[in-house]
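Here's the letter readout for the chains.
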Amino acid sequence: MKPDVRARILDLAATYPTPKAALLTALETVQQAEGGHLSTDSLSEVAALLGVPLGTVYATASYYTMLNLKPVGKYHLQLDTNIPAMLAGAEDLLAHMEQALGIGVGETTSDGLFTLSAVEDLGACGTCPVLQVNDRYYENMTPACFDELLANLKQGVVPEWKTEGNWGTECNMLLARRGKPNSTALAGYVADGGYQALEKALTLSPAEVTQMVKDSGLRGRGGAGFPAGVKWGFLPKDSTKPVYLVCNADEGEPGTFKDRQIMEFDPHLVIEGMAISGYAIGAKLGYIYIRGEFAWIADILERAIAEAREAGKLGNNMLGRGVEFDIRVTRGAGAYVCGEETALIESLEGKRGNPRLRPPYPAVSGLFGCPTIVNNVETLSSVPFIVREGAEAFRQIGTANNAGPKIFGVSGHVKNPGAYEFPLGVPLAKVLEAAGGVVGNLKAVIVGGLSTPILTAEECRDLTLDYDTCAKYGTGLGSGGIMVMNDTVQIPAIALRTIQFYAHESCGQCTPCRQGSVAIEQMLHRVVEGKGTPEDLDNVLHLCKTIKGNTLCPTGDAFSMPIEAMVGKFRGEFEALLPKAGADLAV
Amino acid sequence: MAPLPETEVKTITLTIDDQEVTVPAGTTVLEAARSVGIDIPTLCHDPRLEPFGACRLCLVEVEGGRAPMPSCALKAGEAMVVKTRTERIMRLRKFVIELLLSNHPLDCPVCEAAGDCRLQDYAYEYGVAVSPWGWTPHEYPTRDDHPNIARDPNRCILCGRCVRICRDVMGIGCWGFRSRGYDTIIDTPYNMPLQAVDCVSCGQCVSACPVGALNMKRSRFAARNWQTEKTITTCGYCAVGCEMEVQTFRGKVVRVKAPFSQGVNEGNLCVKGRFGIDYVNSDERLTAPLVRGEDGLLKPADWETALARVAEGLKKAKAGGGKAVGVIASTRCTNEENYLLQKLARTVLGTANIDSGARLNQAAALATLRPMLGYPAMTNSIADLDKADVLLVVGSNTTEEHPVLALRIVKALREGKTLIVVDPRCTALAKRASIHLPVKPGTDGALLKGMLRHIVDTGLADKDFVAQSTEGYDELVSSLDLTPEAAAGIAGVEAADLKSAAEAYAQAAAAGIVYSAGVTQQAKGAAIVRALVDLALLTGNIGRLGTGVNSLSGGANAQGACDMGCLPDFLPGFRALDDTDGVKAVEAAMGAKVADKKSGKTVDEMLQAVAAGEIKGLYVVGENLSTSQPDRDAVVSALQGVEFLVVQDLFFSETARYADVVLPACTIVERDGTFTNTERRVQRIRGALEPRGDARPDWMITRDVANALGAGWSYASAEDVFAEIGKVIPEYAGFSYERLEEQGLQWPCLSSEDAGTPVLYAEGFPGGKAVLAPVEYQEPSETASGEFPFLLTTGIEREHFGTGVRTRQATGLTGLVGGGRLEMSAADVAKLGLADGDTIKVTSRYGSIEPLVVVGDSVPEGLVFMPQHYAEAPAAWLFGGEADAVTGVPAMKLVAVRIEKA
């Protein structure tokens, strides 16, 4: 390991309460410095530097998909093949890429230039297909684009191709500054009234700020919809330990690409939201845990944080008022489960992202065993408005019990997939209309990201998008990732791809999720291949019913509920794939 | 003495399956249910580990709760109503078993775990033959490259107990989960052999595995769990006193396990305990007495002949008076055996020349702890160590010497407690310590002076305690003639570290001291122990949980050997020979007169007395003097020169070669008795096998020798002897085999109502006040010089014990580490132009040996280390026999040597 890398790791280690916590970041640093993979020697060195057993280092490295224990080509081509990508033609593109490169998935070209991987959701559902080359995204990919990209790469040129996704806003809050030139700079943010909410918050007591957030009715935008102010209220009153605020930016739920819209184009909104929230809960330090694939967005955040710190908006004397709060950005390394708050905390501590047993809940014992509040990007970004304009103004947006704006990410079979901000309670039809309308005949919609049960076209006709109505319709608003499917889509294929995703992402810790996801995958695979039996379908439903509610973290629910809905609502399509009686004898 | 008053424990009452259960607050629902006999199935739960909640087998329903909860992690709540066997729960349990069987090999007929496999048990109980949705086993390669541990990852159910016990309980971390999801496999990093990844071969991972994924390789296909007879007994190696379950089948020991529910070890064992017992099965065992014939050769004989010869030889030797006979006892022997041996010496042979290897660790306790505090023993309990906020470990490589006790220190570390290690070597604990003071060998006394002075100077002494409970403060203070800076300079440590160690120790709410052979085997060991007692007294760290001066004894029954009076100057119960009333009381209880009331000789003095012609007969039980003692030439010539030598042992040891009669003894699994461990806990050992051949239990041999000399003893069992011990030693008066049945009791235990004493001095000191003693420090006599440029220190390795008489016959141990080796820093190895593995010649002023050299990171430049166990290169031979003037312990920790390629 080079001395500068070693020095950087030691510097990193010093920024955590325990050097061990720097493990994941250290591994990412080493991999980047050493040509894309982690050698045996570097793992041993990291182990020695941080005082972590080699077994733990190895276990952690092998957990995350972005960490490579084997060498990869100079350009690691990673194509998102999850459902939104599938709906946008990623399967054909993959075939094209294999042909153009002359290698299959998981292989490296003989010249060592290219490794091809098919990966899970990259958080670019509105701009699919998306190809990640090392740490750069190329969105809206087509076979022709790929050929051009390949020609560039072969000549050692990594082109700068910026993709501007579709977007629209009715609320002008979360996406208000989208489209403004240089929207990430502090000056523009301040010119647009930014950091006034923080000014105001610091004139109030932390309890008053918390009360405002409680009164606003702001519900967690990560998917669960739990009231944010109530969550803050779970912090122990008498603890002497430091309190941490963690911003969950591990946007990985297939169909979801909303948080990146805020972080990439209006990073100071999140930062101000965190500063206010940190003040309210008594935290001096906040972490943004961002999925590792969003490397350039993490860079944007880091620059914005540095700028804010420079301007005294963060640091040990915020706005000159003697209040301390700072933010650090930590990058994940490829693990869906780390979006679950306790797994996220484990990952932030540098470990495998295995969810923790609850209780204790993070508010009582979270990061480094200290009281911790984990909130989603969109949740925290709503806080400045609430403080500036008042809880009542926020409640005016949306419906009763479902206050405020929400960004909906629309992907799949619509004319203009993209991110659209509407008040909660907006009719689904209105959102689809904003996205240019359905292409073809609508067959089904998943409204809250892949973990929510699918709705048939019939079912969702009058649906309005808020937490309570979605629940009433037997689904969930979740993260607001809307995947639209027309009648060219075969639901069994979607179901198989869904369970493949969850089987791939299961942390493997608890029995029902680890064993059950694969059992379902095996059975659906048989069915889709035309080798299934009616018992397979019954067994899939039996497994889904039994797994639901009985896993260590919500991941078991995240696949058992949607699969149950797909098989239940479209059983005919599955049965049509079963061999006819006696058919196997004829083969 | 009464036990510590229990602190008020809050209780919780809940209802489980309509049964009201009251448990201490903090108990889990699982523990609460099991405490009243309600069984909840578990796979990932292990009482030694934190809850994991992953197998989902222990789910229960809680009234008012939304989803089932894992009972292993769920804390019992007041008025909680729990149902463990609802239709839903039973269905879920069956489902989890179905899921696990969907890829578990169904090879029970040849699986080592069959009959002792939780998955098999539950599949049977819940009637799951195979998963309804198919069976797709993994096809992982199996691994067989560790001498004791075999692995079949296909059978693994990913409960993670092996990962967690190695990482959390052992503090090592050989195992890890690799990959994730269904592809998760438990593996070593890069699939390396276990021994290449810091494995200490403890087999804790095997003990944690609920299925057949990790097996004890040596007992594969030996016997099913249900075929074996199981005997709970106490380990016979070190002084921790781990409880173990010995499984025997067809006259042989098959395997060793440890029950989770009881014993100081709570289910943990070290490599020796788990894999070190098959010396019992060795073909090298002595199975008949050997008598030296007129041709000078040792030949098998019957007991009658052998005993007659012993009686004749000893009678002849003592013709000139009892003082002409010496008796050497063993820490391997039980209290009963040691008691009888000293009784033989004092009342039949008429000599006070009785001593044992226990001296090495215990003499300092007798010379310091007893006069300063009251009792010559560890003040607190093993379970106390993790209650300390600060632990000061001096001269104890605990993870190697007392591996299972060290787990308490590892636990304390895991809980964020402060550990201070004083050791010239960077031991495993030193590596993890908050402060490591790498003291120059032999300068501990100076270092402690500096710490004491700093505590006094900074006003951190506990003045109230000192005033109320101690005397000698002024004398102590006036002896503190080294400033912290000067002390640090002598000891070769940073003054700042010395000061912060002193401050941390003095300021802790509860601070404990642990010391062991690294102190007591120094030339000035007793002086160091005095300073440690001063530290504790000066700061009031005594008589409470988590405090104390914890002297770790050496062999399994080192404490007991001393308690029983196998000492030249003390009778049973530490009654000094010049204490007339004490002697009378002992004589009355023994029913015999103590013939020799002058102090006898230590082991080394006896050997010297042989050379001087004063001792003519030696009776050596279980000690291997020719390897363990310094000044080898003198030892060998004494053994050769003594007129009559009886050796009683399990094997034909190096010492037995010189004997006139060799008496075959029984191993720990072939006899009954009691051991007293380091925390004063008296525990049972129990016979599981018949004696091998003509071998006899040591107590029986000693009885028979006494009777051959005309004593007329009528003890019919070890228990008979124990009953007499209770009459002789007041601290043992409350014990009986019946009372010791469960997990033993700690002395003092004065009556059958007394529950024993976990913490000494909780209610004050026996002499009213404790004594602060002045601290002496003298420069070590051994220093590196031009001719002998290296300092050599010695110590213990976890794989072996003593001189290896037993451990080097145990195939589970012999394959793990090499033989006689000297550890040297890479820099010194390079400087001498040596290579790792070279045979070298090590020469001191007193002797020379030829071990291999290995590069190691525990020693700084200029210091080398050798383990003490190896007859082919006994480190003891490098020492000149200098002994601590106070304790008579031969110095074995520091000698200057020259090293060259052999």
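Structure's up top.
Counting starts from 1 at the beginning of each chain's written sequence and moves along it residue by residue. Chains and ligands are labelled by the order in which they are written, letters from A for the one and numbers from 1 for the other. In keeping with the predicted nature of the model, local features appear solely for residues at pLDDT of at least 70, side-chain atom pairs appear and are counted solely at 80 or more, and the whole-chain, interface and lining totals rest on all residues. The side-chain figures draw on all heavy atoms in the structure; neither hydrogens nor water molecules are used.

Helix numbers and strand numbers start at the N terminus; a helix is a DSSP run of H or I with at least 4 residues, a strand a run of E with at least 2. Assigned secondary structure in chain B consists of 28 helices and 38 strands. Over its C-alpha atoms chain B spans a radius of gyration of 28 Å, differing by no more than 12% from the 29 Å that the globule rule assigns to 902 residues. Across its three principal directions, the C-alpha atoms of chain B cover 85 × 70 × 65 Å. Counting only residues that meet the buried cut, chain B has 64% of its 902 residues in that class. Positive charge is attributed to Lys and Arg, negative charge to Asp and Glu, and no charge count is given to His or to the chain ends. We put the charge of a Lys on NZ, of an Arg on CZ, of an Asp on CG and of a Glu on CD. Between the centroid of the 91 positive side chains of chain B and the centroid of its 113 negative side chains there is a distance of 3 Å. Throughout, radius of gyration means the C-alpha value; the globule benchmark is 2.2 Å times the number of residues raised to the power 0.38. Buried, partly exposed and exposed residues are distinguished by accessible area as a fraction of the type maximum, computed with a 1.4 Å probe on protein chains only: under 20%, between the cut-offs, and over 50%, respectively.

This part is about the packing of aromatic side chains. Pairs were defined over the aromatic rings of Phe, Tyr and Trp, the Trp ring being its six-membered one, requiring ring centres within 6.5 Å. Orientation was assigned from the angle between planes: stacked under 30 degrees, edge-to-face over 60, tilted for the rest. Tallied over the entire structure, the rule returns 30 aromatic pairs over all chains. Ring geometry for F226(A) versus F234(A): centroids 5.9 Å apart, planes at 40°, classification tilted. Residue classification places F226(A) among the partly exposed positions, given a relative accessible area of 39%. Of the residues examined, F234(A) reaches a relative accessible area of 48% and is grouped as partly exposed. One aromatic cluster in this structure is built from Y375(B), F465(B), F574(B), W747(B), Y761(B) and F765(B).

Next up on the list: empty space enclosed by the protein. Over the atoms, a rolling probe the size of a water molecule traces out where space has been left empty. Residue and element names in this part refer to chain B. Using protein atoms alone on a 1 Å grid, points that fit a 1.4 Å probe yet trap it form a cavity, whereas open point sets bounded by protein on both sides within 12 Å along at least five of seven lines form a pocket; residues with an atom within 4 Å of a point count as lining. Grid points are joined across faces, edges and corners, and a volume is the space filled by probe spheres set on the points. Under the counting rule described, the total for this entry stands at 17 cavities of 30 Å³ or more. Estimates place the volume of the largest cavity at around 730 Å³. Along the wall of the largest cavity there are 47 residues; nearest its centre are L360, E623, F801, G802 and T803. Broken down by element, the residue count for the lining of the largest cavity peaks at three residues, all from helix α9 (residues 359–372).

Turning our attention to the interface of chain A and chain B. For this analysis, residues touch if any pair of their heavy atoms sits within 4.5 Å. Counting residues at the interface gives 46 residues for chain A, matched by 40 residues for chain B. One side-chain nitrogen of Lys or Arg within 4 Å of one carboxyl oxygen of Asp or Glu is enough to make a salt bridge. Where chain A meets chain B, there are one salt bridge. R180(B) is the salt-bridge partner of E505(A), the closest N and O atoms lying 2.8 Å from each other. Contacts described as polar in this section are N or O atom pairs within 3.5 Å, which, within protein, must combine one atom able to donate a hydrogen with one able to accept it, while residues neighboring in sequence count only if both atoms come from side chains. Connecting chain A to chain B are 17 residue pairs in polar contact (both at pLDDT 80 or more). With ten residues, helix α21 (residues 511–528) of chain A is the single largest residue contributor to the side of chain A that touches chain B.

Residue and element names in this part refer to chain B. One pass over the full model with this rule turns up 92 salt bridges over all chains. The partner of R845 in a salt bridge is E782, with the nearest N and O atoms 3.3 Å apart. Placement of the pair is R845 in the loop between β34 (840–844) and β35 (848–849) and E782 in the loop between β31 (770–771) and β32 (790–795), with a sequence separation of 63 residues. E782 gets classed as buried once you look at its relative accessible area, which sits at 7%. If you follow the salt bridges from partner to partner, you end up with E266, D386, K387, R408, K411, E415 and K417 in one network.

What holds strands together in a sheet is hydrogen bonding between their backbones, with the strands either parallel or antiparallel. All names here are of chain B. Strands are labelled as partners when DSSP assigns at least two bridges between them. Within the open sheet, the five strands sit side by side as β19-β18-β17-β21-β22. Their pairing is parallel. Each edge of the open sheet is held by one strand with a lone partner, namely β19 (435–437) and β22 (549–551). Going from strand to strand, the sheet's axes swing by 15° on average, the running direction of each strand aside. Convention adopted: a line fitted to C-alpha atoms gives each axis, helices being fitted over their contacting stretch, and angles between N-to-C directions are expressed from 0 to 180 degrees. Relative to β22, α9 is tilted by about 150°, and along the sheet it contacts β21 (511–515) and β22.

For the rest of this paragraph, the subject is the packing of helix α9 (residues 196–203) of chain A against helix α13 (residues 267–281) of chain A. All names here are of chain A. It is the contact of α9 with α13, at a shortest axis distance of 9 Å, that shows an interaxial angle of 5°. Taken as axis vectors, α9 and α13 run roughly parallel relative to one another. Here α9 contributes Q196, A197, L198, A201 and L202 to the contact with α13, which in turn contributes E272, A275, I276 and Y279. In the scheme used here, Gly and all other residues not listed as nonpolar or charged are polar, with Ala, Val, Leu, Ile, Met, Phe, Trp, Tyr, Cys and Pro taken as nonpolar and Asp, Glu, Lys and Arg as charged. Per-class residue counts for the contact of α9 with α13 are seven nonpolar, one polar and one charged. Reported orientations rely on four angle classes, namely roughly parallel under 35 degrees, roughly antiparallel over 145, roughly perpendicular from 65 to 115, and oblique for the rest.

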